[in-house]
Amino acid sequence: MNGKLAFVGFGEAGQAFAGSLSRGGLERVAGYDLNRERAAAMRGLEVMPGDRALALAGAGAVWCLVTADRAAAAAEECVPHLAPGTLWFDGNSCSPGTKTQAAALIEAGQGRYVDVAIMAPVHPLRARVPLLLAGPWAEEAAGQLRGLGMNPTVVGDMVGQASTIKMLRSVMIKGIEALTAECVLGARKAGVEERVLASLQASDPGFDWTARSGYNFERMAVHGQRRASEMREVAKTLRELDLPDRMAAATAQWQDQIGSLKVAMDADDLGPRADALLAALIS
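A quick note: this is a predicted structure, and the numbers were derived from the prediction, not measured.

This next bit is on the sheet that holds strand β1 (residues 4–8). Taken in spatial order, the 8 strands line up as β3-β2-β1-β4-β5-β6-β7-β8 in an open sheet, and their pairing is mixed. A single partner strand is all that each edge strand has here, and the edge strands are β3 (48–49) and β8 (151–156). As paired elements, strand β4 (residues 61–64) and strand β5 (residues 87–90) share 4 bridges and run parallel to each other. Residue A61 lies in a different strand from β5, and its bridge partner there is L87. Contacts between helix α4 (residues 71–78) and the sheet are confined to β1, β4 and β5, with β5 contributing the most and set at about 165 degrees to the helix.

Okay, structure coming up:
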């Protein structure tokens, strides 16, 4: 990596990384986001905002952190502005097929594509969040990321191997969130949530069902629409494997609906969070 790092997309992940990575070997950090209001966040984290061409000019490495449905388009739009040999870290939550499509675009433009899966919420770990890397440039890319204080693990030399792990994991993680909405909101509306949660707790005492349900509501309320985009990619992954996508498709619907309500999760307790979501759902 030369002295310049760029971010394409500067939402939660981009801000978490830019604000915590080691900059000892970097001369500049630049950023571009379709949402121009994020320029202030860039400046606050000592990231130079600019248009696409300015942000990417001369960058030795680029973090692409857009929404899942924009990953391939972002690659196509950025290719004309990449220097030969630029490492393209695609950290978007996409199916292996989408990652392969983006890789072909980057490699055709003489960039070096790296399939990256971010395997936990970026807060509180930020730059130390576990990353899975795959593709022909993964080993070299891992060394570059470690130099930035990041936490990569190489899982294969083929694009799609990292994203497949994340996609199939999300069937369970985001699926449990959607099941929480359907189970606990229904129980709350029927006035039986205490008994339902007590029964779940008795069945699986190693899992704090009340605390986790409150956490799941917060995740869906704040990030549901982004999670829905990811789950549509999960469904695509399953179809690429010639498997049904029934659970993934239904999870995307729940995530999208809860996220679109824009309900603030100010209260810490499960009951008030459930009531706020119910009020918005039936209004």
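Now for the nonpolar core. Counting 31 residues, the largest nonpolar core has F7, F17, W63, F89, L131 and L133 as the members making the most contacts within it. Elements with a contribution of two residues or more to this core: β1, α1 (12–18), β4, β5, β6 (112–118), β7 (130–134) and α6 (138–147). Discounting residues that sit within four places of it in the chain, F7 has contacts with G14, F17, A18, L21, V29, A30, G31, Y32, W63 and L65. The next biggest cluster of nonpolar side chains, apart from the first, holds 19 residues, and it includes A6, L82, A103 and I106.

Turning our attention to the pattern of salt bridges. Summed over all chains, the structure comprises 13 salt bridges. Residue K174 pairs with E230 through a salt bridge whose shortest N-O separation is 3.4 Å. Residue K174 is found in helix α7 (residues 161–190), and its partner E230 is found in helix α9 (residues 209–240); the two are separated by 56 residues along the sequence. You can call K174 buried: its relative accessible area is 6%.

So, on to the pairing of β4. Where burial is concerned, the two faces of β4 agree: the one with A61 and W63 and the one with V62 and C64 are both buried. Note that the unit made of β4, α4 and β5 has a crossover that is right-handed.

On to the UniProt feature "domain: 6-phosphogluconate dehydrogenase NADP-binding" (unreviewed entry) in the protein, then. Under the present numbering, the feature "domain: 6-phosphogluconate dehydrogenase NADP-binding" (unreviewed entry) in UniProt falls on residues 4–118. Span residues 4–118 is 34% helix and 23% strand, its end C-alpha atoms 22 Å apart.

The next point concerns a nonpolar patch on the surface. The grouping of L168, L241 and L243 at the surface amounts to a nonpolar patch, some 250 Å² of accessible area in total. Relative to the assigned elements, L241 resides in the loop between α9 and α10 (246–260).

This next bit is on unusual backbone geometry. With omega at 10 degrees, the peptide bond leading from H123 into P124 counts as cis. By the element assignment, P124 lies in the loop between β6 and β7. Even without being a glycine, D242 presents a positive backbone phi close to 60 degrees. Of note, D242 is situated in the loop between α9 and α10. One non-glycine residue, K262, lies in the positive phi region at around 55 degrees. Take K262: it is sitting in the loop between α10 and α11 (270–281).

So, how was this worked out
Residues numbered from 1 in each chain as written. Predicted model: local features only at pLDDT ≥ 70, side-chain atom pairs only at ≥ 80, totals over all residues. Heavy atoms only, no water. Pairing = 2+ DSSP bridges. Helix = DSSP H or I, 4+ residues; strand = E, 2+ residues; numbered from the N terminus. Contact = heavy atoms within 4.5 Å. Axes fitted to C-alpha atoms, helices over the stretch in contact; angles between N-to-C directions. Core = buried A, V, L, I, M, F, W, Y, C linked by side-chain atoms within 4.5 Å. Buried < 20%, exposed > 50% of the residue type's maximum accessible area, 1.4 Å probe, protein only. Salt bridge = Lys/Arg side-chain N within 4 Å of Asp/Glu carboxyl O. Right-handed = clockwise from strand over helix to strand, strands pointing away. UniProt positions renumbered as here; feature names shortened; annotations may be inferred. Patch = residues over 30% accessible without salt bridge, like charges linked within 9 Å, V, L, I, M, F, W, Y side chains within 5 Å. Areas by Shrake-Rupley, 256 points an atom, 1.4 Å probe, with all protein chains shown as cover.

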